[in-house]
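# Geometric and topological summary
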Amino acid sequence: MQLNALSLSNLRNLRSLDLAFNSNFNIFWGENGGGKTSLLEAIHLLTTGRSFRARQSRQLITFGEASCLISGIVAPRDPQNGLAIRLGIERQQAGGLKIRLGEEDCPSIALLAKTLPVQLINSDSYDILEAAPQYRRQFTDWLMFHVEHSFYPTWQRFKRALLQRNAALKGFRQSTDDNIHLWDKEFSETGQILNNLREEVLKDFIPIFTETLSTMLNLEKKVTVQYESGWDTKYSLEEALARSLERDKAWGYTTVGPQRADLEFLVGGVSVKNILSRGQLKLFIAALIMARAILLHQRQERRSVFLIDDLNSELDQEASRLLVQALGSLGSQVLITSVEGKPLSELLAGRDFTRYRVNRGKITREGN
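Report follows, based on the coordinates. (Residues numbered from 1 in each chain as written. Predicted model: local features only at pLDDT ≥ 70, side-chain atom pairs only at ≥ 80, totals over all residues. Heavy atoms only, no water.)

### Structural notes on the packing of aromatic side chains
In total, this model carries 11 aromatic pairs according to the counting rule given. A ring pair is formed by F209 and F284, whose centres lie 5.1 Å apart and whose planes are at 70 degrees; its orientation type is edge-to-face. Of this pair, F209 sits in helix α8 (residues 184-214) while F284 is found in helix α11 (residues 278-300), placing the two residues 75 residues apart along the sequence. Accessibility classification places F209 together with F284 in one group, the buried group. Between F265 and F284, the aromatic rings sit 6.0 Å apart at their centres with planes inclined by 80 degrees, giving edge-to-face as the arrangement. With a gap of 19 residues between them, F265 in strand β10 (residues 262-267) and F284 in helix α11 connect regions that are remote in the sequence. As far as burial versus exposure is concerned, F265 and F284 are alike and both buried. Above the face of the F145 ring, K114 is positioned so that its terminal group lies 4.5 Å from the ring centre. Over the aromatic face of W29 sits the side chain of R357, whose NZ or CZ is 4.4 Å from the ring centroid. (Phe/Tyr/Trp six-rings, centres within 6.5 Å; stacked < 30°, edge-to-face > 60°. Helix = DSSP H or I, 4+ residues; strand = E, 2+ residues; numbered from the N terminus. Buried < 20%, exposed > 50% of the residue type's maximum accessible area, 1.4 Å probe, protein only. Lys NZ or Arg CZ within 6 Å of the ring centre and 35° of its normal.)

### Focus: the nonpolar core
By size, the foremost hydrophobic cluster in this structure holds 73 residues, and its most contacted members are F209 and F284. The element that contributes the greatest number of residues to this core is α11, accounting for 13 residues. If we ignore the near neighbours within four places in the chain, the residues touching F284 are L129, F209, L213, L217, V223, F265, V272 and L276. Counting 36 residues, the second largest nonpolar core, distinct from the first, contains L3, L19, L46 and L112. (Core = buried A, V, L, I, M, F, W, Y, C linked by side-chain atoms within 4.5 Å. Contact = heavy atoms within 4.5 Å.)

### Thoughts on the sheet that holds strand β4 (residues 67-75)
Across the sheet, 6 strands lie side by side as β2-β1-β4-β5-β6-β7; this open sheet has antiparallel pairing. Single-partner strands in this sheet number two, and they are β2 (14-20) and β7 (104-105). Contacts between helix α1 (residues 36-48) and the sheet are confined to β1 (2-11), β2, β4 and β5 (85-92), with β1 contributing the most and set at about 110 degrees to the helix. (Pairing = 2+ DSSP bridges. Axes fitted to C-alpha atoms, helices over the stretch in contact; angles between N-to-C directions.)

### Structural notes on the layout of surface pockets
Approximately 1700 Å³ is the volume found for the largest pocket. Taken together, 43 residues make up the lining of the largest pocket; nearest its centre are R50, Q134, Q138, F139 and W142. In terms of residue count, the dominant contributor to the lining of the largest pocket is helix α5 (residues 133-147) (9 residues). Grouping the amino acids of the lining of the largest pocket by side-chain chemistry returns 21 nonpolar, 11 polar and 11 charged. Each pocket or cavity is described by its volume, and for the second largest pocket that value is around 180 Å³. Lining the second largest pocket, in full, are M1, P76, R77, D78, N81, G82, H297, E301, R302 and R303. Classifying every residue of the lining of the second largest pocket by side-chain character gives 2 nonpolar, 3 polar and 5 charged. (1 Å grid on protein atoms, 1.4 Å probe; cavity = no way out; pocket = protein on both sides within 12 Å on 5 of 7 lines; lining within 4 Å. Points joined across faces, edges and corners; volume = space filled by probe spheres on them. Nonpolar A, V, L, I, M, F, W, Y, C, P; charged D, E, K, R; others polar.)

### Structural notes on the sheet that holds strand β9 (residues 223-228)
With antiparallel pairing, the 3 strands of this open sheet are ordered in space as β9-β10-β11. The sheet terminates laterally at β9 and β11 (270-271), the two strands that pair on one side only. Across 6 bridges, β9 lies against β10 in antiparallel orientation. Looking at β10, one finds that T224 is bridged to L266.

### Some details on the side chain of Q2
Assignment of secondary structure puts Q2 in strand β1. Discounting residues that sit within four places of it in the chain, Q2 has contacts with S23, I73, V74, A75, R77, L116, V305 and Q333.

### Observations concerning the pattern of salt bridges
Inspection of the entire model under this criterion finds 20 salt bridges. A salt bridge links D184 to R165, with the nearest nitrogen and oxygen atoms 2.7 Å apart. Taken together, the residues span a long stretch of sequence, with D184 in helix α8 and R165 in helix α6 (residues 151-170) at a distance of 19 residues. Its relative accessible area of 12% is what places D184 among the buried residues. Taking relative accessible area as the criterion, R165 reaches 0% and is therefore assigned buried. With a closest N to O distance of 2.6 Å, R321 and E318 form a salt bridge. Here E318 and R321 lie together in helix α12 (residues 317-328), a separation of 3 residues that amounts to about one turn. (Salt bridge = Lys/Arg side-chain N within 4 Å of Asp/Glu carboxyl O.)

### Some details on the environment of V305
Within the secondary structure, V305 sits in strand β12 (residues 305-308). With residues near it in sequence (within four places) discarded, V305 still touches M1, Q2, L3, L116, P117, V118, Q119, Q333 and L335.

### A closer look at the environment of R53
Note that R53 resides in the loop between α1 and α2 (57-60). Given the relative accessible area of 40%, R53 is considered partly exposed. Considering only alpha carbons, one finds R53 and S38, 15 residues apart in sequence, at a separation of 9.0 Å. Among the polar contacts made by the side chain of R53, one reaches the side chain of S38 at a distance of 3.1 Å. Within the local environment of R53, its side chain forms a polar contact with the side chain of E41, the two groups lying 3.1 Å apart. (Polar contact = N/O pair within 3.5 Å; in protein donor to acceptor, adjacent residues only side chain to side chain.)

What follows is the structure, given as structure tokens:
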């Protein structure tokens, strides 16, 4: 899939915009503060229902306006494989959200997110390696959401059981063990299913990742990915819950289960964040995200759209070239921002790309 066109109004400093995109590479260049990242944010908002920069609508909407509106046309890369569809989303200052999918109102952000898979690489992507385990679970669960049909309904059941069990634990002094155990069966059953699904998908993902990484980073020591389930798996999850009950009551929340899962990335047995440079970490993260897109395509023949904010940041010319080369091998649509247009144009010489100048909220197509 690809994004053929985008229209928006009142998103940050982008007052009004209508753009058509190249099916392959798109470069958006200009000074900081001009609106480059806001453009990527608009696409992310349109395809996922959420911003990667702000939690509240008032932070997104142009000052003095009541709402921002974004719409786009999504289509198969080969027109013979299906019809184009229009997406639309409106975020209101008061917090309201309206979504359109084709000619219908869309009741679920999940349905919107299924339409066009988007892969984002930006400064926040370092969180996958450097921040709390929840960011690595989010990375894994994005993949689960898109490749495993049973994941999302199971995840919803599990989250409900977790919330209810935690509520009973927090109110333990006013309740009984029976109120806690009421949710143990649902928690254990759905949690075990989630864990099994994650293990199966990671079994396919890890070889793709290591092969992708090898095209960009020449690391002398072995790269390994270790998955931690979130409990001692010599016990069933139901047994682990029983063993942790007194601790859970003391702490007021469930301390074992897939909500505690984590991934560890090692080079020669050492955590990558402790051994690789910032530039190497960026390539490592790019390989993780590209491998996710490759597995999605293998499983469902669906291609992702890549949003890359400030590609050259922390990468030298050779590393940038290797990253562009790897992206080009995927056959995906890529949108890249940069402070300078000429270096990226040189990197993309011989490839199909379109360059756009971004200046004070205005975006002008320059050609190649």
